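# A look at the structure
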Amino acid sequence: SIDTTKIKWINTADTSIIEFEYIINRNKVYFMPKTNYLKSKLEIAIGAVNVDPDWKSLPLNVNIVKLAQNEVGILNINTSYYQTPIILDVIKANKVVQTFYLDKVKNVQLKDLIPGEYTFKIILDNNNNRRWDTGNFETLTQPEQIEMYSTPVKVRGNWEMDVLLEPTKIDE
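All of these numbers come straight from a predicted model, not from anything done at the bench. (Residues numbered from 1 in each chain as written. Predicted model: local features only at pLDDT ≥ 70, side-chain atom pairs only at ≥ 80, totals over all residues. Heavy atoms only, no water.)

All right, on to the sheet that holds strand β11 (residues 146–155) then. With antiparallel pairing, the four strands of this open sheet are ordered in space as β8-β7-β10-β11. Each edge of the sheet is formed by a strand with only one pairing partner; in this case those strands are β8 (95–102) and β11. Across this sheet, the average inter-strand angle for adjacent strands is 20 degrees, counted without regard to direction. Bridge count between strand β10 (residues 116–124) and β11: seven bridges; the pairing is antiparallel. Each bridged residue has a counterpart across the sheet, and for Glu-117 the counterpart in β11 is Lys-154. (Pairing = 2+ DSSP bridges. Helix = DSSP H or I, 4+ residues; strand = E, 2+ residues; numbered from the N terminus. Axes fitted to C-alpha atoms, helices over the stretch in contact; angles between N-to-C directions.)

Next comes the structure, spelled out in structure tokens:
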């Protein structure tokens, strides 16, 4: 449950309170302002997010800066090479910034990306359970295959780029 009395979204230009909505999707909470401001601060007090009576969320204070459309980039990612379901991790500065599960859809458009260098990791989800399986020594089951795309793709503000993800074939 969400206790909205313990959450404040503040317009930092004039310290007015920003009204917001939230959506709970599985284990994530998405907060959305009803009005957009360039700079704001989100303050979440202890216990604002509760999943059971014995657990209380920690406090969180975060400054939010909304970038203009000409300051962010777009990546169109094509994974049509892969015939099985995959898990696609989008990585920036060695941190996963977004994860997608792709079963039938083979193209993903990433909007509003902060400029910088991005790499990708693909997990071949052979058993369709939407997570990486490490394998099992006792049953001699191998872990699901991981493919790293370590050559970075440079995202620039106000640019849109197409990225084709398929393994590089090495001649023997």
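With that settled, consider a nonpolar patch on the surface. On the surface, Val-65, Leu-67 and Ile-114 cluster together to form a nonpolar patch covering roughly 250 Å² of accessible area. Residue classification places Leu-67 among the partly exposed residues on the basis of a relative accessible area of 31%. (Patch = residues over 30% accessible without salt bridge, like charges linked within 9 Å, V, L, I, M, F, W, Y side chains within 5 Å. Areas by Shrake-Rupley, 256 points an atom, 1.4 Å probe, with all protein chains shown as cover. Salt bridge = Lys/Arg side-chain N within 4 Å of Asp/Glu carboxyl O. Buried < 20%, exposed > 50% of the residue type's maximum accessible area, 1.4 Å probe, protein only.)

One number sums up the size of the largest pocket: a volume of about 1000 Å³. For the lining of the largest pocket, the elements supplying multiple residues, two or more each, are β3 (28–33), β4 (39–44) and β5 (60–65). Counting residues per element, the lining of the largest pocket draws most heavily on β3, at six residues. Put simply, the second largest pocket is a space of about 360 Å³. Counted by class, the lining of the second largest pocket contains six nonpolar, three polar and five charged residues. (1 Å grid on protein atoms, 1.4 Å probe; cavity = no way out; pocket = protein on both sides within 12 Å on 5 of 7 lines; lining within 4 Å. Points joined across faces, edges and corners; volume = space filled by probe spheres on them. Nonpolar A, V, L, I, M, F, W, Y, C, P; charged D, E, K, R; others polar.)

Core analysis: the biggest nonpolar cluster contains 19 residues, and Leu-75, Ile-77, Phe-120, Ile-122 and Leu-165 have the highest contact counts within it. Of all the secondary structure elements, the ones that give two or more residues to this core are β6 (73–78), β7 (86–92), β9 (107–113), β10 and β11. At four residues, β10 tops the list of elements feeding residues into this core. Among the nonpolar cores identified, the runner-up in size contains ten residues, and Ile-18, Phe-31, Ile-44 and Val-49 belong to it. (Core = buried A, V, L, I, M, F, W, Y, C linked by side-chain atoms within 4.5 Å.)

Attention now moves to the confidence of the model for the protein chain. With 98% of its residues at a pLDDT of 70 or more, the protein chain has an overall mean of 88. Within the protein chain, β3 has the poorest average pLDDT of any element, 86, and β6 the best, 95. (pLDDT = per-residue confidence, 0-100.)

Turning next to the sheet that holds β5. Taken in spatial order, the three strands line up as β1-β4-β5 in an open sheet, and their pairing is antiparallel. Lying at the two open borders of the sheet, with one neighbouring strand each, are β1 (7–11) and β5. Adjacent strand axes in the sheet meet at a mean angle of 15 degrees, parallel and antiparallel pairs treated alike. Strand direction decides the pairing type here: β4 and β5, joined by six bridges, are antiparallel. What sits directly across from Ser-40, in β5, is Ile-64.

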